[in-house]
Amino acid sequence: MDVADIVSVSVNKINVKTGQVERIRKYGSRSNAIEVISDVDLTGRTILVTGTTSGIGTETARALALRGAHVIMANRNIVMSEQLKNKILIEKVGICAINKSY
């Protein structure tokens, strides 16, 4: 799956009983960034994310990095940026160690 494929967020299904086309949502209000990009390989991609010291920026940077992207975090607070970078690197190393143990 490529990055362009993320745009497809719903699937059409024909109801056998009624013969009508039903739209089934692929993602909902409780979906997180990791779920949305789980099939995307971002290895070799460089992505700039602003506002990564809180909220959706933090989760976006984390998800992209865990899927293999080189993430550039543009923030005003360098200390918080370093803390987030270290947290993501620790999580990424932990996931790699778990995957190699199988």
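With an unreviewed UniProt entry as reference, the protein is termed SDR family NAD(P)-dependent oxidoreductase, source organism Heterorhabditis bacteriophora. One UniProt comment on the protein, placed under Sequence similarities (unreviewed entry), says "Belongs to the short-chain dehydrogenases/reductases (SDR) family."

Draft legend 1. Region of interest: the overall build of the protein. A tally of helices and strands in the protein yields three helices and four strands. Looking at the 102 residues of the protein, the share that counts as buried comes to 18%. Working note: accessible area of the protein is about 7,700 Å², and carbon and sulfur atoms make up 56% of it.

Draft legend 2. Representation of helix α2 (residues 55–66) within the structure. With 12 residues, α2 ought to run about 16 Å at 1.5 Å a step, and its terminal C-alpha atoms sit 17 Å apart, in line with that. Among all positions in α2, only Gly57, Ala61, Ala63, Leu64, Ala65 and Leu66 are buried. In the segment just after α2, Gly68 is the residue with positive phi, at about 105 degrees.

Draft legend 3. Local environment of the environment of Asn32. Relative to the helices and strands, Asn32 resides in the loop between β2 (21–25) and α1 (33–36). Expressed as a C-alpha distance, the spacing of Asn32 and Ala63, which sit 31 residues apart in the sequence, is 9.0 Å. A polar atom in the side chain of Asn32 sits 2.9 Å from the backbone nitrogen of Glu35.

Draft legend 4. Molecular detail of the side chain of Ser81. When you line up the elements, Ser81 lands in helix α3 (residues 78–100). Among the residues examined, Ser81 registers a relative accessible area of 12% and is labelled buried. In contact with Ser81, other than residues within four places in its own chain, are Thr53, Met73 and Asn75.

Draft legend 5. Focus on the pattern of salt bridges. Scanning the model with the defined rule gives three salt bridges in all. Glu91 is the partner of Arg62 in a salt bridge, and the nearest nitrogen-oxygen pair spans 2.8 Å. One end of the pair, Arg62, is in helix α2; the other, Glu91, is in helix α3, with 29 residues separating them in the sequence. Between Glu82 and Lys85 there is a salt bridge whose closest N-O contact spans 3.3 Å. Here the residue Glu82 and the residue Lys85 both occupy positions in helix α3, the gap between them amounting to three residues, near one helical turn.

Draft legend 6. Just the layout of surface pockets, in detail. Estimated volume of the largest pocket: approximately 250 Å³. Taken together, 13 residues form the lining of the largest pocket, with Ala65, Val71, Met73, Lys85 and Leu89 sitting closest to its centre. Of all the secondary-structure elements, those providing two or more residues to the lining of the largest pocket are α2, β4 (70–74) and α3. Per-element accounting of the lining of the largest pocket gives the leading share, seven residues, to α3. Of the residues contributing to the lining of the largest pocket, the split by class is eight nonpolar, two polar and three charged.

The rules behind each value
The numbering scheme is per chain: residues are counted from 1 as the chain's sequence reads. Given that the model is predicted, a residue must reach a pLDDT of at least 70 before its local features are reported, and side-chain atom pairs must reach 80 or more before they are shown or counted; all residues, however, enter totals for whole chains, interfaces and linings. Side-chain numbers come from the whole structure's heavy atoms, not from hydrogens or water. UniProt positions are given in the numbering used here, feature names are shortened, and annotations may be inferred rather than shown by experiment. Numbered from the N terminus, helices here are DSSP runs of H or I no shorter than four residues, and strands are runs of E no shorter than two. When a residue's accessible area, from a 1.4 Å probe over protein chains only, is under 20% of the maximum for its type it is buried; when over 50% it is exposed; and in between it is partly exposed. Working definition of accessibility: Shrake-Rupley area with a 1.4 Å probe, residue cover restricted to the visible protein chains. Given the number of residues in a helix, its expected span is that number minus one, multiplied by 1.5 Å. Pairing of N or O atoms within 3.5 Å defines a polar contact, subject to two protein rules: one partner must be a possible hydrogen donor and the other a possible acceptor, and residues neighboring in sequence count only if both atoms are side-chain atoms. In what follows, a contact means two residues having at least one pair of non-hydrogen atoms within 4.5 Å. Salt bridges are identified by distance alone: a Lys or Arg side-chain nitrogen within 4 Å of an Asp or Glu carboxyl oxygen. Put plainly, a pocket is an open set of points on a 1 Å grid over the protein atoms alone with protein on both sides within 12 Å along at least five of seven lines, a cavity is a set where a 1.4 Å probe fits but cannot get out, and a lining residue has an atom within 4 Å of a point. Grid points are joined across faces, edges and corners, and a volume is the space filled by probe spheres set on the points. Asp, Glu, Lys and Arg are counted as charged, while Ala, Val, Leu, Ile, Met, Phe, Trp, Tyr, Cys and Pro are counted as nonpolar; the rest, among them Gly, fall into the polar class.

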